[in-house]
Amino acid sequence: MKCTVCRGPAVIDLRRHNANFCAEHFLKFCRDQVERTIDDFDMFAPGDRVLVAVSGGKDSLAAWHILRHLGYDATGLYIGLGIGEYSDTSHRYVAAFAAEHDAPLITVDLRERYGYDIPGGARAARRTPCSACGLSKRHVFDEAAIEGAFDAVATGHNLDDEAAVLFGNVLHWHTEYLGRQSPVLAARDGFPRKVKPLVRLGEREMAAYCIVAGIDYIVDECPMARGNRHLHYKAALNDIEAASPGAKADFYFGFLRRAADRFDGEAEAGREQLGRCDTCGAPSPVERCAFCRLVERAGGAVPVNAPTLRGAK
Ligand code: AMP
Ligand code: FES
Ligand code: ZN
Ligand code: ZN
């Protein structure tokens, strides 16, 4: 198998692109795909400060690595969720990456900052761990981005993730979510801009990128997320992709190009009128936001009137 670009020995074949790449040209291919995504969706510009949410997994560490390689000003944000051994190990990978690449890293530990962790918080608030976790992560992403005056928050969601979410939303006709599938959500109502620069790259490419670039990452999945329904959607899409290479990307990008804006109205109608949370100042449809209620039920320290959030537009 030869590299499509230089005819040297290839390390990976990408059927979807009908191409094979050597190590050097594979890294370049991945970086080009990310640069193209940033440009196509107008995610951010050189000089913007980007906060990359890093879990210690392959996708977010690769995203951080690629953005830095492309010359963007990318700071990492790691959230200590308090999920036992899994969180300890993931933190070690993130801290090791930051040290090795001399990259700035912000760490927010839920127990230290808010007095709860995901297993305890989920129990106390009678939420599933993934729901308590998603709520906590979203709040911390927003708060850290506003506090640090970052221009955008980037996450490591890849093509497989986004196609699986789209598949689920189409299967169940969650039309209000179909209007929010874009890999860039503009800043609004005190929420920072959110971007997903890896949507042109799949899971297999991200794992290969980390191996080729020498990035160590946590391979284990979160122990609390077992049975996640998106896994079935991913498996179904992988079957389709195997029989018809490129189908996954056609499904996702075809939707964005041809259909997404038809659901704008429903996404807008589903948006609640937002005021400010009385306790933390974050945008919220009710007096006390869902995050502060979670923290309170979990017996932790509720953040009181964070001035930066209060003042946020
Ligand atoms: P998940 O919700 O686990 O599918 O992760 C989606 C994205 O959220 C990842 O690609 C990361 O960008 C981000 N993320 C997940 N866990 C963490 C964490 N503990 N700290 C910071 N960012 C995270
Ligand atoms: Fe959120 Fe596991 S990472 S519940
Ligand atoms: Zn090559
Ligand atoms: Zn609040």
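Residue positions are given per chain, counted from 1 along the sequence in the order it is written. Chain labels run from A onward and ligand labels from 1 onward, assigned in the order the entries are written. Side-chain atom pairs in this predicted model are given and counted only at pLDDT of 80 or more, local residue features only at pLDDT of at least 70, and totals for whole chains, interfaces and linings cover all residues. Values shown for side chains rest on all heavy atoms present in the structure; no hydrogens or waters enter the calculation.

A. Representation of the packing of helix 1 (residues 23-40) against helix 9 (residues 203-213) within the structure. Axis definition: a line fitted to C-alpha atoms, limited for helices to the stretch in contact. Angles are taken between N-to-C directions and run from 0 to 180 degrees. Working definition: helices are DSSP H or I runs of at least four residues, strands are E runs of at least two. Numbering for both runs from the N terminus. Across the interface, helix 1 lies against helix 9 with an axial gap of 10 Å and an inter-helix angle of 130 degrees. The orientation of helix 1 relative to helix 9 falls into the category oblique. The two elements helix 1 and helix 9 cross, and the hand of that crossing is left-handed. In this structure, helix 1 uses Ala23, Phe26, Leu27, Cys30 and Arg31 to contact helix 9, whose residues at the interface are Glu205, Ala208, Tyr209, Val212 and Ala213. Angles are sorted into four bins: roughly parallel if under 35 degrees, roughly antiparallel if over 145, roughly perpendicular if 65 to 115, and oblique for all others. The crossing is said to be left-handed when, going from far helix to near helix, the turn is anticlockwise and less than a right angle, and right-handed when the turn is clockwise. Contacts are residue-level and defined by heavy atoms, with any inter-residue pair within 4.5 Å sufficient.

B. Quick peek at the sheet that holds strand 3 (residues 49-53). The strand order across the open sheet formed by six strands is 5-4-3-6-8-7, and the pairing between neighbours is mixed. The sheet is open, and its two borders are formed by strand 5 (105-109) and strand 7 (184-185), each paired with just one other strand. For strand 6 (residues 152-154) and strand 8 (residues 194-195), the ladder comprises two bridges, and the chain directions are parallel. Bridged to Val153 within strand 8 is Lys194. Only strands that DSSP links by at least two bridges are regarded as paired with each other.

C. Fine view of the site of ligand 1. Nearness is defined per residue: one heavy atom within 4 Å of the molecule or strand is enough. The environment of ligand 1 is made up of 13 residues, and the closest members are Ala53, Leu77, Ile79, Lys137 and Gly156. Pairs of N or O atoms are called polar contacts if they sit within 3.5 Å, as long as, within protein, a hydrogen donor faces a hydrogen acceptor (for residues adjacent in sequence, only side-chain-to-side-chain pairs). Contact between ligand 1 and Ala53: an oxygen atom at 2.6 Å from a main-chain N or O atom of the residue. Reported accessibility uses the Shrake-Rupley method at a 1.4 Å probe radius. Residues are deemed covered only where the shown protein chains occlude them. Taking 470 Å² as the accessible area of ligand 1 by itself, protein coverage stands at 74%. Mapped by element, the contributors of at least two residues to the shell around ligand 1 are strand 4 (73-80) and helix 6 (129-147). If you tally residues by element for the shell around ligand 1, the top one is strand 4, at three residues. Under the scheme applied here, ten amino acids are nonpolar (Ala, Val, Leu, Ile, Met, Phe, Trp, Tyr, Cys and Pro), four are charged (Asp, Glu, Lys and Arg), and all others, including Gly, are polar. A breakdown of the residues in the shell around ligand 1 according to their chemical character gives seven nonpolar, five polar and one charged.

D. Unusual backbone geometry, seen in detail. Phi angles above zero are rare outside glycine, and Asn18 is one such case at about 55 degrees. Backbone geometry places Asp189, a non-glycine residue, at a positive phi of 50 degrees. Summarising the element assignment, Asp189 is placed in the loop between strand 7 and strand 8.

E. The arrangement of the pattern of salt bridges in detail. For this document, the term salt bridge refers to a Lys or Arg side-chain nitrogen within 4 Å of an Asp or Glu carboxyl oxygen. Enumeration over the complete set of coordinates arrives at 16 salt bridges. In this structure, the salt-bridge partner of Arg36 is Asp40, at a minimum N-O distance of 3.5 Å. Of this pair, Arg36 and Asp40 both sit in helix 1, four residues apart, which is roughly one turn of the helix.

F. Spatial organisation of helix 2 (residues 58-69). Its 12 residues place the ends of helix 2 16 Å apart at the C-alpha level, agreeing with the 16 Å of an ideal helix rising 1.5 Å per residue. Burial classes follow relative accessibility: with a 1.4 Å probe on protein chains only, a residue under 20% of its type's maximum area counts as buried, one over 50% as exposed, and anything between as partly exposed. Burial of helix 2 is extensive: 10 of the 12 residues sit out of reach of the surface. Buried within helix 2 are the following residues: Lys58, Asp59, Ser60, Leu61, Ala62, Ala63, Trp64, His65, Ile66 and Leu67. Gly71 sits one or two residues past helix 2 and shows a positive phi near 95 degrees. In a helix, the anticipated span is given by 1.5 Å times the number of residues less one.

G. Spatial organisation of the packing of helix 2 against helix 9. Look at helix 2 against helix 9: their axes get within 9 Å of each other, and the N-to-C directions meet at 60 degrees. Of the possible angle classes, the one that applies to helix 2 and helix 9 is oblique. Two packed elements cross with a definite hand, and for helix 2 against helix 9 that hand is left-handed. Across the interface between the two elements, Lys58, Asp59, Ala62, His65 and Ile66 from helix 2 touch Glu203, Met206, Ala207, Tyr209, Cys210 and Ala213 from helix 9. Its residues assigned to classes, the contact of helix 2 with helix 9 shows seven nonpolar, one polar and three charged.

H. Broad picture of the coordination of the zinc ion (ligand 4). With water omitted from the atoms examined, metal sites may look incomplete; donors here are N, O and S atoms no farther than 2.8 Å from the metal, or 3.2 Å in the case of Na, K and Ca. The protein atoms donating to the zinc ion (ligand 4) are Cys277 (SG), Cys280 (SG), Cys289 (SG) and Cys292 (SG), with metal-donor distances spanning 2.2 to 2.3 Å. Working rule for geometry: tetrahedral if four donors all subtend angles between 85 and 135 degrees; square planar for four, octahedral for six, if opposite donors exceed 155 degrees and the others stay between 65 and 115; irregular in every other situation. Seen from the zinc ion (ligand 4), its four donor atoms lie at angles of 106 to 112 degrees, and the figure they make is tetrahedral.

I. Up close: the pairing of strand 3. The buried fraction of strand 3 amounts to four of the five residues, a majority that puts the element mostly inside the structure. Two elements, strand 3 and strand 4, share five bridges in a ladder whose sense is parallel. Looking at the pairing, Leu51 lines up with Thr75 of strand 4. Seen with the strands pointing away from the viewer, any crossover whose path from the first strand over the helix to the second strand runs clockwise is right-handed. For the handedness criterion, the β-α-β arrangement of strand 3, helix 2 and strand 4 is classed as right-handed.

J. The arrangement of the packing of aromatic side chains in detail. Paired rings are identified among Phe, Tyr and Trp, the last through its six-membered ring, by centres lying within 6.5 Å, and are further divided according to the angle between planes into stacked (under 30 degrees), edge-to-face (over 60) and tilted (the rest). Under the definition given, this model contains nine aromatic pairs. Ring centres 5.1 Å apart and planes at 85 degrees place the aromatic pair Tyr114 and Phe291 in the edge-to-face group. Taken together, the positions of Tyr114 in helix 4 (residues 110-114) and Phe291 in helix 13 (residues 290-297) put the pair 177 residues apart, joining distant regions of the chain. Look at Tyr114 and you get buried, because its relative accessible area is 1%. You can call Phe291 buried: its relative accessible area is 2%. Among the aromatic residues, ring-to-ring pairing joins Tyr114, Tyr116 and Phe291 into one connected group. Over a ring means this: the NZ of a Lys or the CZ of an Arg is within 6 Å of the ring centre and within 35 degrees of the ring normal. In this arrangement the basic side chain of Arg49 is found over the ring face of Phe150, its NZ or CZ atom lying 4.1 Å from the centre. Looking at Arg200, its charged tip hangs above the ring of Phe253, at a distance of 4.6 Å from the centre.

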